[in-house]
Amino acid sequence: MPNFAENYRASDLTFDENGIYWVNPDNNETYQVMMGWEAPIMQKMAELCVSEGDDVLEIGFGMGILSDAIQARKPKSHTIIECHKDIIPKLKEWASDKSNVTVVEGLWVNKLIDMETKFDAILQDTYGDEYLHSLPFHIEFVRKPQCKFTYWNMPTDLGFENVEYHEVDINPPSNKYYNSTKYNIPIVNYS
């Protein structure tokens, strides 16, 4: 029987101006994958991690909010890994006029090991990610020595050391995954 993450990846997504949604066949319940209210979080993640001229890895495209924020910082390269069949075409369309963007299709856990590029900044925002606990291990293969790394801060403590948290004020409507008016962005600074 498929687990939650497998059900998500196999699902047909619904998109509107406010978010991305899917219906879990195990309980026929609708879940939000990403929502537009997350924009202040994504803007701050990019601001804290990405500098002009960086080689950037983004894990998870979603609505492209973080991708737009990264592009506004003028990275040298911007590699985006996405695994959902319904998001990949949207990512490819978004990337079609951006010469510094490389699209990688599939699960990040299967893709990082083969990457030759090392990154100055790595930003992760995946959904229903059953491999999240192994991210600290995999990051070691693709980061430059002074890399800055941030991730969607819930619900798992990933066990990183040297994490700084930056508070952002947000105003989410009632939803199934985050309902506070404050969000703490984790930044891992390697040195």
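Further up the page is the structure itself.
Notes on the structure follow. (Residues numbered from 1 in each chain as written. Predicted model: local features only at pLDDT ≥ 70, side-chain atom pairs only at ≥ 80, totals over all residues. Heavy atoms only, no water.)

A separate point is the sheet that holds strand E4 (residues 55-59). The seven strands are arranged E6-E5-E4-E7-E8-E10-E9 in an open sheet whose pairing can be described as mixed. Every other strand in the sheet has two partners, leaving strand E6 (101-105) and strand E9 (163-169) as the edge strands with one partner each. With direction set aside, neighbouring strand axes in the sheet form an average angle of 20°. Bridging between strand E5 (residues 77-82) and E6 involves five bridges; their strand directions are parallel. Paired with Ile-80 across the bridge in E6 is Val-103. Sheet contacts for helix H2 (residues 39-49): strand E7 (119-124), strand E8 (143-151), E9 and strand E10 (182-189); angle to E10, the most-contacted strand, approximately 25°. In this fold helix H4 (residues 88-95) packs onto E5 and E6, with an angle of close to 165° to the strand it touches most, E6. (Pairing = 2+ DSSP bridges. Helix = DSSP H or I, 4+ residues; strand = E, 2+ residues; numbered from the N terminus. Axes fitted to C-alpha atoms, helices over the stretch in contact; angles between N-to-C directions. Contact = heavy atoms within 4.5 Å.)

With 26 residues, the main nonpolar core has Trp-37, Ile-41, Met-42, Leu-123 and Ile-185 as its most contacted residues. Looking at this core, the elements with two or more residues in it are strand E3 (29-35), H2, helix H3 (65-71), E7 and E10. In terms of residue count, H2 provides more of this core than any other element does, six residues in total. Excluding its chain neighbours within four sequence positions, the residues that come into contact with Leu-123 are Met-45, Ala-46, Cys-49, Val-50, Val-56, Leu-57, Glu-58, Ile-59, Leu-66, Ile-70 and Thr-150. (Core = buried A, V, L, I, M, F, W, Y, C linked by side-chain atoms within 4.5 Å. Buried < 20%, exposed > 50% of the residue type's maximum accessible area, 1.4 Å probe, protein only.)

The next thing to look at is the pairing of strand E2 (residues 19-24). Summarising burial for E2: five of the six residues are buried, a large majority. Here strand E1 (residues 14-16) folds back onto E2, and the loop between the two strands holds two residues. Sheet topology note: the E2/E3 ladder contains six bridges and is antiparallel. Residue Val-23 lies in a different strand from E3, and its bridge partner there is Thr-30. Two successive antiparallel strands, E2 and E3, enclose a turn made up of four residues, where Asn-28 displays a positive phi of approximately 60°.

This next bit is on H4. Within the sequence span of H4, burial applies to Ile-88, Leu-91, Trp-94 and Ala-95. Down the axis of H4, the smallest arc covering the buried residues is 120°, so these residues share one side. Check the buried side of H4 and you find it contacts H3, E5 and E6. (Arc of directions from axis to C-beta.)

Phi is positive for Asn-28, which is not a glycine, with a value near 60°. Of note, Asn-28 is situated in the loop between E2 and E3. Since its relative accessible area comes to 63%, Asn-28 is described here as exposed. In this model, Lys-74 sits at a positive phi of 60°, which is unusual for a non-glycine residue. Relative to the helices and strands, Lys-74 resides in the loop between H3 and E5. In this structure Lys-74 comes out as exposed when scored by relative accessible area, which is 56%.

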